[in-house]
Amino acid sequence: MQDGRQNLIVALDLANGEKARALVQQLGENVVFYKVGKELFTTEGPSFVRELVANGKKVFLDLKFHDIPNTVAAAIRSAASLRVSLLTVHAAGGSKMLKAAAEAAAQSESKPTVLAVTVLTSLDTEDLREIGVAGEVEDQVTRLAALALQTGCGGIVASAQEAVHLRQTFGRSFTLVTPGIRPAGGAVDDQARVVTPENAMRAGANYLVVGRPITSASDPVEMAKMIVKQIERAS
Ligand code: C5P
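Description of the structure in this document. Please read these numbers as outputs of a predicted model, since none were measured by experiment. (Residues numbered from 1 in each chain as written. Predicted model: local features only at pLDDT ≥ 70, side-chain atom pairs only at ≥ 80, totals over all residues. Heavy atoms only, no water.)

## Here's the deal with the pattern of salt bridges
Rule in force here: Think of a salt bridge as a Lys or Arg side-chain nitrogen and an Asp or Glu carboxyl oxygen that are within 4 Å of each other. Helix numbers and strand numbers start at the N terminus; a helix is a DSSP run of H or I with at least 4 residues, a strand a run of E with at least 2. Relative accessibility decides the category of a residue: with a 1.4 Å probe and only protein chains considered, values under 20% of the type maximum give buried, values over 50% give exposed, and everything between is partly exposed.
Within this structure, the stated rule accounts for 10 salt bridges. Residue Asp-189 is joined to Arg-212 by a salt bridge in which the shortest nitrogen-to-oxygen separation is 3.8 Å. Remark: Arg-212 occurs in helix H10 (residues 212–215) and Asp-189 occurs in the loop between strand E7 (175–178) and helix H9 (197–202); sequence separation between them is 23 residues. On the basis of relative accessible area, Asp-189 is assigned to the partly exposed category, the value being 41%. Ionic contacts of the salt-bridge type, sharing partners, join the residues Lys-35, Asp-62 and Lys-64 into one network.

If you want it as structure tokens, here you go:
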């Protein structure tokens, strides 16, 4: 059986390095991949990412870059120099930006996978209207995913609901990272649509991003182990 730990990314959505360090230490060998997002990166900076990598962990740097192509390419080179494995850009930045991002990653020594974020899950059809986007959310997700994959990005961040359609449309040769995961029977927090680890893997995800079910658990180690088991059940 495949080692389910390789598919689990724990989102370190914690306010400071002290709390994040304590959790990483507590989780120990049970978790090998961490997501560092805007909150933690803004307080702790690149040194925290370096520290995780130096401790043998893989890092998903989720800063969702969205800027002119030259600036995004430079940011990607900086992220690659931290030896992160995955990073994010907004597909809405357009094909020139996406291409610059993919090229910068490919030309770096560590070659991180560039993941594109399509439509934020906080946006509905009405929100898209406000920013001048006609059509349904699903159409915009498909359009932006196509753009990202055509321009050389290595993967997509998408909900498990979107995963099935994305796999059907674009095949298996891209990395699919899926948040909104809740173990069966747990709290859903503010996630509108949640999927169990097993079902998300079956829907075609390569990696599951899990935050609060582990970070807020009374026993984070037990919860991580349980999620890994549920991942392994799908394989
Ligand atoms: O705590 P929870 O498991 O809901 O955390 C999920 C993580 O995935 C958070 O870091 C959140 O920002 C991220 N995410 C998400 N939905 C998306 C994209 C990212 O929940 N569509």
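## What about the sheet that holds E7?
Defined as follows: Here a strand pair is declared whenever DSSP counts at least two bridges between the two strands. Axis definition: a line fit to C-alpha positions, over the contact stretch in the case of helices; interaxial angles, taken between N-to-C directions, run 0 to 180 degrees.
With respect to topology, 8 strands assemble into a closed barrel ordered E1-E2-E3-E4-E5-E6-E7-E8, the strand pairing being parallel. Strand-to-strand twist in this sheet, taken as the mean axis angle between neighbours without regard to direction, amounts to 25°. Across 3 bridges, the pairing between strand E6 (residues 155–157) and E7 is parallel. The residue of E7 that forms the bridge with Ile-156 is Leu-176.

## Observations regarding the site of the ligand
What counts here: Nearness is defined per residue: one heavy atom within 4 Å of the molecule or strand is enough. Pairs of N or O atoms within 3.5 Å make up the polar contacts considered here, provided that, within protein, one atom can donate a hydrogen while the other can accept it, and that residues adjacent in sequence are counted only when both atoms are side-chain atoms. Only the protein chains shown count as cover for residues, with accessible areas throughout obtained via the Shrake-Rupley method and a probe of 1.4 Å. Each residue gets one label: Ala, Val, Leu, Ile, Met, Phe, Trp, Tyr, Cys and Pro are nonpolar, Asp, Glu, Lys and Arg are charged, and the others, such as Gly, are polar.
Around the ligand lies a shell formed by Ala-11, Asp-13, Lys-35, Thr-121, Pro-179, Arg-182, Gln-191, Val-209, Val-210, Gly-211, Arg-212 and Pro-213. In this structure, a nitrogen atom belonging to the ligand sits 3.0 Å away from a side-chain N or O atom of Thr-121. Within the backbone of Gly-211, an N or O atom sits 2.8 Å from an oxygen atom of the ligand. Computed on the free molecule, the ligand has an accessible area of 460 Å², of which 81% lies beneath the protein chains in the complex. Only strand E8 (207–210) and H10 provide two or more residues apiece to the shell around the ligand. Among the residues making up the shell around the ligand, the classes are represented as 5 nonpolar, 3 polar and 4 charged.

## Considerations on the side chain of Thr-118
Threshold: In what follows, residue pairs with any heavy atoms lying within 4.5 Å of each other are defined as contacts.
Looking at the element boundaries, Thr-118 is found in the loop between strand E5 (113–117) and helix H6 (125–130). On the basis of relative accessible area, Thr-118 is assigned to the buried category, the value being 7%. With residues near it in sequence (within four places) discarded, Thr-118 still touches Ala-91, Val-141, Leu-144, Ala-145, Ile-156 and Val-157.

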